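Chain by chain, the residues run as shown.
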Amino acid sequence: MQFGIKTNSIRLDEDERTLYVDKACVVLPSDLRSCCSLKELKPDLLLSLKYLLRVDVVDSQAVILHYLSQSSRKCTHCTVYSLNNAYGFEQYLMKRAYAGTHGLKRFFVLINPFGGQGKANKIWQQMASPVFQTAHLECNIVFTEYRNHARSIVANIDLKSLDAIICVGGDGLFHECLNGLGDRKDNAVAFNTPLCMIPGGTGNAFSYNATQETHPASVALEIIKGVKKSFDLMSFDQKGDISYSFLSANYGIIADSDVGTDNLRFMGENRTILGFLIRLFQKPTWKCKVEMEVVSSDRNEMRKAYLQRLQQATINKNGGTTDRIVNMPWYNEGNISRVTIDIQDLSVFYAGLLPYVAADMRVFPVCDIDDGLIDVAIIRSNPFRRPLLSMFMHIETGEHFNSDFLSYYKVRSFRFTPIDTGAHHYFVLDGEEYPFVPFECRAAPGLGTTLASQAGFKLLSL
Ligand SMILES: Nc1ncnc2c1ncn2[C@@H]1O[C@H](COP(=O)(O)OP(=O)(O)OP(=O)(O)O)[C@@H](O)[C@H]1O
């Protein structure tokens, strides 16, 4: 496709994903020019349309392209001259730049000013907001004032006045907003409202799973250029109080190292590592009883099914993978068995819905975001240190999945009863402390909705 007065000077590549502009027809932003050598002082423009946010027409032969710079992750612009029809060019580019995206325009933004050790607002203002502004999207911003404020705002807001909710904070704020949707009388419909996260907290597992990006500007771009996607939740019933979880329920050394180190918050992320090392030295005891509706406990079978999905996964028009639970070879009612285990020597009980619980912790490597199941990982404490050290050496890549020390289940539901050992332990749901009493979790397949790129939530190789 050609757009320049001169042949081949301004054109889109064959699959219409990249724009090429000859150096004679473009004025690049100063930050880009200053990083070029003298020889490259005026380079050609090669712009992936994924990064294009807006086009302003200057006159019949010139436009300004506004885009997110892939290298600096800042919004920038350049002027393109010598077009044969600037108006036609603008319309064509915008159509291509937003092809297949959700097209939503009204975003309700909740910022936890204390998120990420007080950095969340700065992250929004300096990195994410410019991307939304450049794309001319409407952002209605509210700062949370206290714990559970976001939950009550989301529980009471008129959802017709917005297209999507964005949390700027960590997994804790996201958990609150999710439960705000769950608290509503119209929750079955409310869960269709996309809930997104700009990473502004200490733990930002949701945005990493959804976008595979960690930079807030890149995550903002993925949200803007995304599609509506559903993801599994689990309902969590503790003495009749229902909550919803998107990430994990855990008990044992990881839970204690996380929530049990609240007094070390000033250390940031390092506090959990220190908490873990202290416990590794102290060797505490955890005990529990778990009753599960198990779909599979065979890791070879899981790996095979996962690799099959990985091979077959194609993006359907909804942005999800076409191979849902109904197509899983080992998932049918007849396969479900009830398993009860009394664990007197527990180190880790971890139930999860997304592969990553943090960008460098792929705890559930065979987890698929919409397989309708909960993955459960259990590590026993006999021996104590070797399995834990081995797990932490391999958890970044997910290779711990092959460890003989690990028991791994795919379940539809489970009931968890912590057994009192006399010591103070914690139970953690989505990174938040919950009462230390029995609870029941049930998979809620595809109940959550978010905006993520087609590449987001992708199946990863094993
Ligand atoms: N204004 C506020 N004041 C106090 N607490 C708040 C406020 N807004 C949100 N919270 C709560 O703070 C907790 C942590 O929030 P969030 O996950 O956004 O940040 P974080 O930096 O990742 O936190 P954490 O260190 O717990 O991982 C959540 O439980 C959230 O409900």
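One structure accompanies this document, and this report is about it. Keep in mind that what you see is a predicted model, and the values were worked out from it rather than measured.

1. Quick word on unusual backbone geometry
The phi angle of most residues is negative, glycine excepted, and most peptide bonds adopt the trans form. Between N382 and P383 the backbone carries a cis peptide bond, its omega angle lying at 5°. Relative to the assigned elements, P383 resides in the loop between β17 (374-380) and α13 (385-394). Although it is not a glycine, R73 sits at a positive phi angle of roughly 55°. If you trace the backbone, R73 turns up in the loop between β6 (62-68) and β7 (75-80). R73 gets classed as partly exposed once you look at its relative accessible area, which sits at 30%. Not every positive phi belongs to a glycine, and H136 is a case in point at roughly 55°. Looking at the element boundaries, H136 is found in the loop between α4 (120-134) and β9 (138-143). Judged by relative accessible area, which is 57%, H136 ranks as exposed.

2. Comments concerning the nonpolar core
Grouped together as the largest cluster of nonpolar side chains are 87 residues, with contacts concentrated most on F349, I374, V376 and F414. The element contributing the most residues to this core is strand β16 (residues 337-352), with 7 residues. Setting aside residues no more than four positions away along its own chain, F414 makes contact with V290, E291, M292, F349, A351, I374, V376, F439, E440 and C441. In terms of nonpolar packing, the next biggest core, distinct from the first, is built from 51 residues, V55, A128, A220 and I223 among them.

3. Description of the sheet that holds strand β11 (residues 195-199)
Read across the sheet, 4 strands follow the order β9-β8-β10-β11 without closing on themselves; strand pairing throughout is parallel. With one partner strand each, in any of the chains shown, β9 and β11 form the two edges of the open sheet. Adjacent strand axes in the sheet meet at a mean angle of 25°, parallel and antiparallel pairs treated alike. In the sheet, strand β8 (residues 106-111) pairs with β9 via 6 bridges, with the strands oriented parallel. Note on β9: the bridge partner recorded for F108 is N140. Across the face of the sheet, helix α6 (residues 171-183) comes into contact with β8, β10 (164-169) and β11 while running at roughly 165° to β11.

4. Looking at the packing of helix α11 (residues 270-282) against α13
Direction vectors running N to C along α11 and α13 enclose 160°, while the axes themselves pass 10 Å from each other. Between α11 and α13, the interaxial angle falls into the category roughly antiparallel. Helix-helix and strand crossings are classified by hand; for α11 and α13 the assignment is left-handed. Contacts between α11 and α13 involve F276, L280 and F281 from the first element and R385, L388, L389 and F392 from the second. The class makeup of the residues in the contact of α11 with α13 is 6 nonpolar, no polar and 1 charged.

5. Focus: the pairing of β16
Sheet topology places strand β14 (residues 248-252) next to β16; 5 bridges connect them, and they run antiparallel. In the strand pairing of β16, S248 is matched with G352. Relative to β17, β16 is paired through 6 bridges, and the arrangement is antiparallel. Directly across from Y350, in β17, lies its bridge partner A377.

What counts as what
Residues numbered from 1 in each chain as written. Predicted model: local features only at pLDDT ≥ 70, side-chain atom pairs only at ≥ 80, totals over all residues. Heavy atoms only, no water. Helix = DSSP H or I, 4+ residues; strand = E, 2+ residues; numbered from the N terminus. Buried < 20%, exposed > 50% of the residue type's maximum accessible area, 1.4 Å probe, protein only. Core = buried A, V, L, I, M, F, W, Y, C linked by side-chain atoms within 4.5 Å. Contact = heavy atoms within 4.5 Å. Pairing = 2+ DSSP bridges. Axes fitted to C-alpha atoms, helices over the stretch in contact; angles between N-to-C directions. Parallel < 35°, antiparallel > 145°, perpendicular 65-115°, else oblique. Left-handed = near helix turned anticlockwise from the far one by under 90°. Nonpolar A, V, L, I, M, F, W, Y, C, P; charged D, E, K, R; others polar.

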